[in-house]
Amino acid sequence: MKLVTKPIALCGLLAAALWTGAAHAQSKDPVIDQIVKEENDNSQLQQMAHELFDGIGPRLVGSPQMQKAGDWAVTKYTSWGIDARIEKWGDWRGWERGVSHIDMVSPRVKTLEGTQLAWSPSTGKKTVTAEVIILPDVADSNAFKVWLPAVKGKFVMISMNQPTGRSDENWRDYGTKEEIDKIKEERTKATAAWRERIRKTGYTMGVTTGTLPHALEEAGAVGIVTCTWSAGFGVDKIFGANTKKVPTVDIGLEDYTLLFRLIESGEKPQIAVHTESKELGPMPTFNVVGEIKGTEKPNEYVILSAHFDSWDGGTGATDNGTGTLTMMEAMRILKKVYPNPKRTIIVGDWGSEEEGLNGSRAFVEDHPEIVQHIQAVFNQDNGTGRVVNLSGQGFLNSYEYLTRWLSHAPSYIRDSVKTTFPGAPGRGGSDFASFVAAGAPGFSLGSLSWDYGVYTWHTNRDTYDKIVFDEVKKNAILTAIMAYEASEDPQTTSREKSVLPPDRRTGEPTKWPEPVKANRHGGFD
């Protein structure tokens, strides 16, 4: 924690006072004034966050929690007078997380911080105790085949031993240049050496498609141990398992490196793993869609977009819970202060974004009658921070309407937003790209980082306490205003595309992204 002197603290109080005054400044449009007032005086964000993240929890596609969350969202919309429905578009491998408990039992007893990965096989009601070994550095794939029988009856560690558990920021704050350069060099060498170690096995280590874990379980390993460190204190990325019969667990860096050092020093540590989970067979995967019907142009659409599913190491609070709540809150406000929009306003809470934008891609496929008449899509999906980036996504005339709409937002919100026109079309990353590929004007409301990439993106620390509600409030206000302006605009937005610059590698003309089909039967391979 950095020390703050009294003058700086006073400046902070003055800034807060100025912000409060700005937040209640009057515009020339009474609807915009009501949007701002409703959010500042009657925000529902914290209560919704508590219900969704603390009460229901993470929303892994195919899990009962995802279904429960869908029902919750429909109930919320309905309570606000918004027509809402669950649109099933496919099915997914059903899996329900249970207890994970991991202990080192030799050479001493220590409870380890860790959890099973999504879709990991269970140990059932029993606890599996066995020695832990490290994936060896072999000469080539033939040597690996010779070694492979040694895994029988053991847990195998397949992630590298990080040379430091301190974040890069921590090193920058306190390290000397020589120390920083040294640790960077050590990490670079260690990463390259481990990558080569994996390559020489003849197998792969992809996040969701790696072949090495399956090879180890087929050879008799009782479990796979990983550490997908996120380069911050106590934080790991938690993805999916690639084993079919034995558990895959992620252990936090501090405990993972302890095991690694013990093994390297000649010890033979043992761990006891107890993981309970349930395979549920095919489960419906869906989008939640809410709608406020337009009065003058009901067959033209403004879409508020955010993905509803999450990974389940944490509770998906900032990926993409805050995006979801931004759009839900904007819809609630619009229904209250702008109940009869000119154009139809739709909110889409998409499922299975984390597995390939599947929910929004399915919506684009299933609703061409909507897609061809979209006025604008506003998507938010990169954390709790206030919106600071807005790109035209390659639409030639996006400058004209986006800047006009943005100009009506309060200055304390719009002045933070850097615009880029015409920009380049998004090819992935989040659900706006599904609409852009179909030629519809879809835009990403890009947020300030708040260390999203390190601390909350797909991690075990993506929880309620990381939400900065004042920032999310601003985003809800901005989204509601942009939707209102897009709905009221007398002109239909232009879909004319800019000429994209040549590909830097080939010199060939860059093509606009093409639509990709949704995976409507996932997780079973």
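In the block above lies the structure referred to throughout.
Now for a look at the structure at hand. (Residues numbered from 1 in each chain as written. Predicted model: local features only at pLDDT ≥ 70, side-chain atom pairs only at ≥ 80, totals over all residues. Heavy atoms only, no water.)

The next point concerns the overall build of the protein. Along its length, the protein carries 17 helices and 17 strands. Here the C-alpha atoms of the protein give a radius of gyration of 25 Å, agreeing with the 24 Å that 2.2 N^0.38 yields for 525 residues. Overall size of the protein, expressed as C-alpha extent along the three principal axes, is 75 × 60 × 55 Å. Burial status across the protein gives 54% buried among its 525 residues. Restricting to contacts in the protein with at least 6 residues of sequence separation, those with at least 24 account for 83%. Counting every atom, the protein has about 23100 Å² of accessible surface; 54% of that belongs to carbon and sulfur. (Helix = DSSP H or I, 4+ residues; strand = E, 2+ residues; numbered from the N terminus. Rg over C-alpha atoms; globule rule 2.2 N^0.38 Å. Buried < 20%, exposed > 50% of the residue type's maximum accessible area, 1.4 Å probe, protein only. Contact = heavy atoms within 4.5 Å. Areas by Shrake-Rupley, 256 points an atom, 1.4 Å probe, with all protein chains shown as cover.)

Tallying each qualifying case throughout the model produces 28 salt bridges. Here arginine 461 and glutamate 113 are joined by a salt bridge, their closest N and O atoms 2.9 Å apart. Taken together, the positions of arginine 461 in the loop between helix 16 (452–456) and helix 17 (469–488) and glutamate 113 in the loop between strand 2 (110–112) and strand 3 (114–116) put the pair 348 residues apart, joining distant regions of the chain. A salt bridge links lysine 293 to glutamate 291, with the shortest nitrogen-to-oxygen separation between them at 3.9 Å. (Salt bridge = Lys/Arg side-chain N within 4 Å of Asp/Glu carboxyl O.)

Attention now moves to the pairing of strand 11 (residues 297–307). The buried count for strand 11 comes to 8 of 11 residues, which makes it a mostly enclosed element. Crossover handedness for the path strand 11 to helix 10 (residues 317–337) to strand 12 (residues 343–350): right-handed. Pairing geometry for strand 11 and strand 13 (residues 374–379), over 5 bridges, is parallel. Each bridged residue has a counterpart across the sheet, and for serine 305 the counterpart in strand 13 is asparagine 379. (Right-handed = clockwise from strand over helix to strand, strands pointing away. Pairing = 2+ DSSP bridges.)

Put simply, helix 10 and helix 17 touch, their axes get as near as 8 Å, and they point 50 degrees apart. One finds that helix 10 runs oblique with respect to helix 17. Crossing of helix 10 over helix 17 shows right-handed handedness. Across from Thr322, Thr326, Met327, Glu329, Ala330 and Leu334 in helix 10, the residues of helix 17 making contact are Val472, Asn475, Ala476, Thr479, Ala480, Ala483 and Tyr484. (Axes fitted to C-alpha atoms, helices over the stretch in contact; angles between N-to-C directions. Parallel < 35°, antiparallel > 145°, perpendicular 65-115°, else oblique. Left-handed = near helix turned anticlockwise from the far one by under 90°.)

Let us now look at helix 9 (residues 253–264). Its 12 residues give helix 9 an end-to-end C-alpha distance of 16 Å, which sits within 8% of 16 Å, the value for a rise of 1.5 Å per residue. Burial analysis of helix 9 places 9 of its 12 residues in the buried class, the great majority of the element. Inspection of helix 9 places Leu253, Asp255, Tyr256, Thr257, Leu258, Leu259, Phe260, Leu262 and Ile263 among the buried residues, and these make up the whole buried set. Two residues or fewer past helix 9, glycine 266 is found with a positive phi of approximately 105 degrees. (Expected span 1.5 Å × (residues − 1).)

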